[in-house]
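# Observations on the three-dimensional arrangement
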Amino acid sequence: MTCLHGRHAEPLLFRGLTGDNWTLADYVSRGGYEQFKRILAERMPRERIIDEVRASGLRGRGGAGFPTAVKWGFMPKDHPGQMYLICNADESEPGTFKDRDILRYNPHAVIEGMLIAAYAMGITAGYIYIHGEIWAVYEQFGEAIRQAREAGLIGRDLQGSGFDFELHAFHGYGAYICGEETALLESMEGKRGQPRFKPPFPATNGLYGQPTTINNVETLAYVPFIMAMGGDAYAALGRNNCPGTKIFCLSGDVARPGNYEVPLGISFPELLELAGGMKDGLAMKAVIPGGSSSPVLPAETMMQLNMDYDSIAKAGSMLGTGGVIVLNETRCMVKALLNLSRFYWNESCGQCTPCREGTGWLVSLIERIENGQGKTEDLDLLDNVAANIMGRTICALGDAAAMPVRSFIKHFRAEFEYHIEHKRCPEASGPRE
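Just so you know, these numbers come straight off a predicted model, no measurement behind them.

Here is what the cut-offs are and how they apply
- Residues numbered from 1 in each chain as written.
- Predicted model: local features only at pLDDT ≥ 70, side-chain atom pairs only at ≥ 80, totals over all residues.
- Heavy atoms only, no water.
- Salt bridge = Lys/Arg side-chain N within 4 Å of Asp/Glu carboxyl O.
- Helix = DSSP H or I, 4+ residues; strand = E, 2+ residues; numbered from the N terminus.
- Buried < 20%, exposed > 50% of the residue type's maximum accessible area, 1.4 Å probe, protein only.
- Core = buried A, V, L, I, M, F, W, Y, C linked by side-chain atoms within 4.5 Å.
- Contact = heavy atoms within 4.5 Å.
- Pairing = 2+ DSSP bridges.
- Axes fitted to C-alpha atoms, helices over the stretch in contact; angles between N-to-C directions.

### Focus on the pattern of salt bridges
Summed over the entire model, instances satisfying the criterion amount to 29 salt bridges. Linking E186 and R196 is a salt bridge whose minimum nitrogen-to-oxygen distance equals 2.7 Å. Taken together, the positions of E186 in helix α8 (residues 181-188) and R196 in the loop between α8 and β4 (212-216) put the pair 10 residues apart, joining distant regions of the chain. Judged by its relative accessible area of 14%, E186 falls in the buried class. Of the charged contacts in the structure, one is a salt bridge between D380 and R413, with a shortest N-O distance of 3.1 Å. One end of the pair, D380, is in helix α16 (residues 377-389); the other, R413, is in helix α17 (residues 397-422), and 33 residues separate them in sequence. Three or more residues are tied together by salt bridges with common partners; here these are R61, K98, D99, E218 and K246.

### Considering the nonpolar core
Core analysis: the largest hydrophobic core is formed by 64 residues, its most contacted members being I49, W72, L103, V110 and I111. At 11 residues, the largest contribution of residues to this core is made by helix α6 (residues 107-121). In this structure, V110 is in contact with C87, I102, L103, I128, F141, V217 and A221, ignoring residues within four places of it in sequence. Among the nonpolar cores identified, the runner-up in size contains 30 residues, and L327, I366, F408 and I409 belong to it.

### Focus: the sheet that holds strand β1 (residues 84-89)
Strand pairing in a sheet is mediated by backbone hydrogen bonds. Such pairs are either parallel or antiparallel. An order of β3-β2-β1-β4 is seen for the 4 strands of this open sheet, with the pairing classed as parallel. The open sheet has two free edges, formed respectively by β3 (166-171) and β4, since each of these has just one partner strand. Adjacent strand axes in the sheet meet at a mean angle of 20° when their direction is disregarded. Bridge count between strand β2 (residues 125-130) and β3: 6 bridges; the pairing is parallel. Across the sheet, I128 pairs through a bridge with A169, a residue of β3. Along the sheet, helix α7 (residues 135-150) contacts β2 and β3; its crossing angle with β3, the most-contacted strand, is approximately 170°.

### Some details on the sheet that holds strand β8 (residues 297-298)
Strands sit in the order β6-β5-β9-β7-β8 across an open sheet of 5 strands; the sheet is mixed. What marks the edges here is a single partner per strand, and that holds for β6 (258-263) and β8. Where strand β5 (residues 245-252) meets β6, 6 bridges bridge the pair, whose relative direction is antiparallel. Bridge pairing in β6 links I247 to E261. On the sheet, helix α5 (residues 98-105) packs against β5 and β6 and is oriented at approximately 115° with respect to β5. Along the sheet face, α17 touches β7 (284-288) and β8 and points at about 155° away from the line of β7.

### A short note on the environment of L297
Along the chain, L297 falls in strand β8. Not counting residues up to four positions away in its chain, the partners in contact with L297 are A286, V287, P289, M302, L305, A315, S317 and H411.

Below you can see the structure in the form of structure tokens.
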């Protein structure tokens with residue numbers, strides 16, 4: 001775990017954390033649960049909390065970037081039955097590893113964020129859906145829930161306010177598709193993890209058919225800090241009119257891979273500098289800026305960009321989860337794309353024909369090129385198959401598989417053509433001079 005440092009402001013979520021000071025007592029010593037207790041003591045109007053979150057400019061940190069306050073506002077005000085809040089911790093996008101560190105180092109920030117969010121929406125039951133392959137984190141979070149419950153922070157009539165909230169940890173099974181919110185709901189209901197048709201949306205027909213809000217781990221963890229400093233102050237932490245802070249996961253060919261909590265809108269060169277620059281002094285070839293499903297961008301493009309939703313979108317990619325994968329000059333782009341495409345083929349739930357069949361076609365074509373059996377027409381066929389997957393599936397996994405393919409061919413077509421003509425990688429003999 002790495003935080004922002006030096007000339008940057010102090011981090012919020014990772015400040016002073018070591019891995020050993022995650023308990024309730026540690027969190028309380030840092031001012032934890034003060035905001036939730038203040039809200040209960042003041043009988044704070046729900047609208048005031050949502051207004052603060054709106055002023056903060058907080059957007060969903062799970063990839064979609066949807067405004068959090070707007071999402072909370074979709075929940076019905078006077079629903080007669082049960083409503084649910086779910087924290088989506090099924091983090092499994094390649095290149096993304098921030099949520100598991102938040103759960104490991106600062107679990108009570110997530111719990112307090114869920115308590116405040118639940119109060120703001122009038123919700124009395126919550127779940128956190130934790131990815132199946134981080135069992136130790138799941139067990140530790142269960143212990144954090146137990147600590148909060150024993151301290152009177154989870155349960156009935158909290159702090160004598162009349163507000164009830166029960167929270168449970170739910171262990172997933174390691175399926176990437178369950179990060180899609182409706183597939184997550186299906187999994188929680190004991191069904192096969194496959195996405196639902198929308199509409200209806202979870203805000204009206206979610207878990208067990210009841211109104212449900214689903215937020216990402218990072219999104220909810222920021223809520224106590226927003227309430228402590230005020231929405232405007234949190235927004236001011238960002239740069240270039242980009243509100244707040246964001247955790248970026250830097251991996252690949254950088255000197256210091258890790259999580260970096262920085263102002264939203266920081267320049268990419270500055271973020272790269274925090275990670276120690278390029279490993280072994282090699283030149284950068286490309287960057288995948290928002291997790292493996294976001295289109296790849298050439299190094300020269302990335303070096304001109306700020307790390308915010310709009311800047312990355314204008315360049316033809318997505319900020320997504322903030323999973324920044326850096327590729328150096330020796331990396332074979334055909335092999336890199338094959339690795340990504342195999343992942344999406346393996347993780348497709350098979351419900352939609354374009355995704356079930358198309359992802360297999362993508363892998364077969366890229367394998368043919370990588371193995372020296374490619375044909376010139378394969379590149380247009382690859383692009384065509386990817387184009388026919390996009391927009392034709394129930395969820396975005398089909399798009400996630402197709403966008404990398406189209407962007408790799410767009411920006412590095414010459415390298416694919418070299419592979420086809422010479423039946424080997426242009427980088428086979430090492431770095432270019």
